[in-house]
Amino acid sequence: DTEVTQTPKHLVMGMTNKKSLKCEQHMGHRAMYWYKQKAKKPPELMFVYSYEKLSINESVPSRFSPECPNSSLLNLHLHALQPEDSALYLCASSQSLGDTQYFGPGTRLTVL
Amino acid sequence: AQSVTQPDIHITVSEGASLELRCNYSYGATPYLFWYVQSPGQGLQLLLKYFSGDTLVQGIKGFEAEFKRSQSSFNLRKPSVHWSDAAEYFCAVILGASGTYKYIFGTGTRLKVLA
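The rules behind these values
- All residue numbers refer to position in the chain's written sequence, counted from 1.
- Each chain takes a letter, starting from A, and each ligand takes a number, starting from 1, following the order in which they are written.
- Local features in this predicted model are restricted to residues whose pLDDT is 70 or higher, and side-chain atom pairs enter the listing and the counts only when it is 80 or higher, whereas totals over whole chains, interfaces and linings include all residues.
- The side-chain numbers reported here are obtained from all heavy atoms of the structure, hydrogens and water having been left aside.
- Any two cysteine sulfur atoms lying within 2.5 Å of each other are counted as a disulfide.
- Think of it this way: any DSSP run of H or I at least four residues long counts as a helix, any run of E at least two long counts as a strand, and we number them from the N terminus.
- Each residue gets one of three labels from its accessible area relative to the maximum for its type: buried under 20%, exposed over 50%, partly exposed in between, using a 1.4 Å probe on protein chains only.
- Note: two strands are recorded as paired if DSSP finds a minimum of 2 bridges between them.
- Lines fitted to C-alpha atoms define the axes here, with helix axes fitted over just the stretch in contact, and angles between the N-to-C directions of these axes take values from 0 to 180 degrees.
- The definition of a nonpolar core used throughout is a set of buried Ala, Val, Leu, Ile, Met, Phe, Trp, Tyr and Cys residues joined through side-chain atoms within 4.5 Å.
- Contacts between residues were defined by any pair of non-hydrogen atoms, one from each residue, lying within 4.5 Å.
- Two parts placed together each lose some accessible area under a 1.4 Å probe, and the buried area is that loss summed for both.
- A carboxyl oxygen of Asp or Glu within 4 Å of a side-chain nitrogen of Lys or Arg is what we treat as a salt bridge.
- Note on residue classes: Ala, Val, Leu, Ile, Met, Phe, Trp, Tyr, Cys and Pro are nonpolar, Asp, Glu, Lys and Arg are charged, and everything else, Gly too, is polar.

**Brief notes about the state of the cysteines**
The bond known as a disulfide is covalent and runs between the sulfur atoms of two cysteines.
Residue and element names in this part refer to chain A.
Working step 1: Scanning all chains against the criterion turns up two disulfides over all chains.
Working step 2: Here cysteine 23 pairs with cysteine 91 through a disulfide, and the sulfurs are 1.8 Å apart. On the sign convention where negative is left-handed, the bridge of cysteine 23 and cysteine 91, at about -70° about the S-S bond, is left-handed. Of this pair, cysteine 23 sits in strand β3 (residues 18–25) while cysteine 91 is found in strand β9 (residues 87–94), placing the two residues 68 residues apart along the sequence. Each member of the pair, cysteine 23 as well as cysteine 91, is classed as buried.

**Considering the sheet that holds strand β1 (residues 4–7) of chain A**
All names here are of chain A.
Working step 1: Overall, antiparallel pairing links the four strands, which are arranged β1-β3-β8-β7 in an open sheet. Strands at the two margins of the open sheet, each flanked by one partner only, are β1 and β7 (64–70). Strand-to-strand, the axes of this sheet are offset by a mean angle of 20°, without reference to chain direction.
Working step 2: In the sheet, β3 pairs with strand β8 (residues 73–79) via seven bridges, with the strands oriented antiparallel. Counterpart to serine 20 in the pairing with β8 is histidine 77.

**Some thoughts on the nonpolar core**
Working step 1: Judged by nonpolar contacts, the single largest core of 28 residues is most densely connected at B:Leu19, B:Trp35, B:Leu47, B:Leu48, B:Phe74, B:Leu76 and B:Tyr89.
Working step 2: Counting residues per element, this core draws most heavily on strand β10 (residues 87–97) of chain B, which supplies five residues.
Working step 3: A:Met13, A:Met27, A:Met46 and A:Val111 belong to the second-largest nonpolar core, a separate cluster that totals 23 residues.

**Remarks on the interface of chain B and chain A**
Working step 1: The interface of chain B with chain A comprises 19 residues on the first partner and 21 residues on the second.
Working step 2: In total, chain B and chain A occlude about 1600 Å² of area from one another, counting both sides; carbon and sulfur atoms represent 59% of this.
Working step 3: Of all residues in chain B, the largest losses of buried area upon contact with chain A belong to B:Leu44, B:Tyr103 and B:Phe105, amounting jointly to 35% of the total for that side.
Working step 4: The interface formed by chain B and chain A holds zero salt bridges in total.
Working step 5: Among the residues forming the side of chain B that touches chain A, the class breakdown is 11 nonpolar, seven polar and one charged.

If you want it as structure tokens, here you go:
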């Protein structure tokens, strides 16, 4: 089973809202990733967690706050977003850093 | 600078025709190489990967890719395209070792299949 699940599938939020995206995997993977993908563009890496510790932060604005409460779960907390943050947010996991990444279906985020 | 190039932004082929999508990387050593496919509004599905060994790798859905070190290329091929193959295709590399990695995606190739 190489399934990564993401909730919600769609999210619409105002610029003053606080919301969270959730990602879950039960493959025993110890690395998890958040990517942002704008329309007609490749995914851009945002954060990487390894063994529940933040390994990479690609200079992402502080209005995006990742959290890895356990080895199966990855959250992305959103606060005071801008309309330009509207995108598809993809979660991925891999056995370890540098290993094959398996992606979830994504959360389509719209910021009004 | 390290980069992944997919020279073809769009490719159109007829159903049943063969397909080759190009991918070149710029890096001194051989990276880990991947091809992913993405349908509109969906996540990325892994088609195949190359880490080492046999330079011709087989993937899912009848796809294969060949790693050519001399050309720094990892082109994706399929002998007979089906209408359901219409999608965006991304070549990706992982560079580095010992816990320090870079994850780089190409700009993508959008495949259109004519009936």
